[in-house]
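Chain and residue survey
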Amino acid sequence: MKNYVILISGRGSNMEAIIRAQIPGAEVSAVIANRPDAEGLAFAVDQGILTQVLDHKAYPSREAFDAVLAAEIDRHAPALVVLAGFMRVLGEDFVRRYAGRLMNIHPSLLPSFPGLHTHAAALAAGVRIHGATVHFVTPALDSGPIVIQAAVPVLPGDDAGTLAARVLAREHMIYPRAVRWFLEGRLRLDQGRVVLAGEPTGAGALIVPAG
Ligand code: GRF
């Protein structure tokens, strides 16, 4: 059995999609939130999954928080650490500690629109295609080797909310897929490049037509 740990800050819908995917041979050992009011904790509790809150505000520095978080994660000796709407920047030491086994999902087609408010930024830029990206985490924010992307059309009349909902539905498809690939041992980082075995060419691209 391979263990993985999920970190959340809020709603936790990506966490839920990953847990519901019931990846064979893998078990989520803990869901850790950096906010006591993270809504997603309720689902994890319902599922009988160990949950933990580490409120970053209780720590004097980013490094202090990261060190406690790493200690808690390491108790589970996870094969993979999954950032699922974890809205806290992690320091370089933390990221290096989990190099090659730390994944994130970002609601844009990276490298376009890193940071916050991606859907509003996409609308302001007038792009016709938007989406989401699962990537391995490196010290640079919203960067790192790309595992899988889902593209959706931007439709006339979209606002940030309608566009976010369209993207989120695809997030729920691609993140469980990426986590499963990793935990099945088919996905790895090799000298900074993503290697995916046993999947057809193009498996890292999910393109959803309009309509
Ligand atoms: C998602 O859009 C994710 O891509 C971004 O934050 C949002 C989190 O949503 N990083 P949820 O907590 O998974 O519902």
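This report concerns the structure included in the present document. (Residues numbered from 1 in each chain as written. Predicted model: local features only at pLDDT ≥ 70, side-chain atom pairs only at ≥ 80, totals over all residues. Heavy atoms only, no water.)

1. Things to note about the site of the ligand
With respect to spatial proximity, the complete set of residues near the ligand consists of Arg11, Gly12, Ser13, Asn14, Gly85, Ile105, Pro107 and Glu171. Arginine 11 has a polar side-chain atom sitting 2.6 Å from an oxygen atom of the ligand. Here the ligand has 360 Å² of accessible area as a free molecule, and 87% of this is covered by the chains. Among the cavities detected, the one that contains the ligand is the largest pocket. Of the residues that constitute the shell around the ligand, the class distribution is 2 nonpolar, 4 polar and 2 charged. (Near = heavy atom within 4 Å. Polar contact = N/O pair within 3.5 Å; in protein donor to acceptor, adjacent residues only side chain to side chain. Areas by Shrake-Rupley, 256 points an atom, 1.4 Å probe, with all protein chains shown as cover. 1 Å grid on protein atoms, 1.4 Å probe; cavity = no way out; pocket = protein on both sides within 12 Å on 5 of 7 lines; lining within 4 Å. Sits in = over half its atoms within 2 Å of the grid points. Nonpolar A, V, L, I, M, F, W, Y, C, P; charged D, E, K, R; others polar.)

2. Structural notes on unusual backbone geometry
With omega at 10 degrees, the peptide bond leading from leucine 110 into proline 111 counts as cis. Here proline 111 is to be found in the loop between strand 5 (102-106) and helix 5 (118-125). Residue alanine 77 is not a glycine yet carries a positive backbone phi of 40 degrees. Structurally, alanine 77 can be placed in the loop between helix 3 (62-74) and strand 4 (80-83). Of the residues examined, alanine 77 reaches a relative accessible area of 58% and is grouped as exposed. Of note, phenylalanine 113 is a non-glycine position whose phi angle comes to about 55 degrees, a positive value. (Helix = DSSP H or I, 4+ residues; strand = E, 2+ residues; numbered from the N terminus. Buried < 20%, exposed > 50% of the residue type's maximum accessible area, 1.4 Å probe, protein only.)

Remember that the coordinates give geometry; whether it matters functionally is a separate question.
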